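Residues per chain, in single letters:
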Amino acid sequence: MIELKSIHQPIGTISGMNPNKLISSVELGYCIGDKWWHQGLMTEAVQAVIGYFFETCNFNRITAKHDLNNPYSGQVMKKCNMKYEGTFLQAAMNNQGICDVANYAILKRP
């Protein structure tokens, strides 16, 4: 859960999914209420979780993906130094149906 300290209320979620011990990787997923968009809050949360995954959990690779119709999520990934790795067509489903997704990753040890 992401909590805004000033109001002590949850405003979003962030989590690691699909850990792979063989290649030391984890997938990052996040979402935040639209009232909190464009304020840098998600970028701050993603940066903190990337640091936690690298330093505390000792993952080497963190991946994330976003629906092409949500480019702002991709901007968060770029601001957190994640690198674009390609687009998968019709590779995910969200509340609007099947969608294309842009894939990003960051490495602890390049």
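Our structure is the block above this text.
Please read these numbers as outputs of a predicted model, since none were measured by experiment.

What counts as what
Residues numbered from 1 in each chain as written. Predicted model: local features only at pLDDT ≥ 70, side-chain atom pairs only at ≥ 80, totals over all residues. Heavy atoms only, no water. Core = buried A, V, L, I, M, F, W, Y, C linked by side-chain atoms within 4.5 Å. Buried < 20%, exposed > 50% of the residue type's maximum accessible area, 1.4 Å probe, protein only. Helix = DSSP H or I, 4+ residues; strand = E, 2+ residues; numbered from the N terminus. Contact = heavy atoms within 4.5 Å. Arc of directions from axis to C-beta. Pairing = 2+ DSSP bridges.

A.B. asks: Pulling in residues and values, what's your account of the nonpolar core?
C.D. replies: Ranked by internal contacts, the top residues of the largest apolar core, which has 27 residues, are Leu28, Val46, Ile50 and Ile62. Elements supplying a minimum of two residues to this core: β1 (2–4), β2 (9–20), β3 (25–32), α1 (41–55), β4 (61–67), α2 (71–79) and β6 (97–107). The element best represented in this core is α1, accounting for eight residues. Residues contacting valine 46, with those up to four places away along its chain left out, are Ile14, Leu28, Tyr30, Val76 and Cys80.

A.B. asks: Could you give me a rundown of α2, with the residues and numbers involved?
C.D. replies: Each turn of an α-helix holds 3.6 residues, which means side chains three or four residues apart point in the same direction. Buried within α2 are the following residues: Ser73, Gly74, Val76 and Met77. The arc that holds every buried residue of α2, seen down its axis, measures 150°, which confines them to one face. For α2, the exposed residues set more than 90 degrees away from the buried face come down to Lys78 and Lys79. Where α2 is buried, its residues contact β3, α1, β4 and β6. Looking one or two places after α2, you find asparagine 81, whose phi comes out positive at around 70°.

A.B. asks: Account for the side chain of asparagine 60, naming residues and giving values.
C.D. replies: Note on placement: asparagine 60 falls in the loop between α1 and β4. Ignoring anything within four residues of it in the chain, the contact list for asparagine 60 reads Ser24, Phe54, Ile106, Leu107, Lys108 and Arg109.

A.B. asks: So what about the pairing of β3? Which residues, and what values?
C.D. replies: Of all eight residues in β3, seven are buried, a share of seventy percent or more. Sheet topology note: the β2/β3 ladder contains seven bridges and is antiparallel. When the bridges of β3 are listed, isoleucine 14 appears paired with tyrosine 30. Hairpin connection of β2 to β3: four residues between the antiparallel strands, including serine 24 at a positive phi of 55°. Examined bridge by bridge, β3 and β4 share three bridges and lie parallel to one another.

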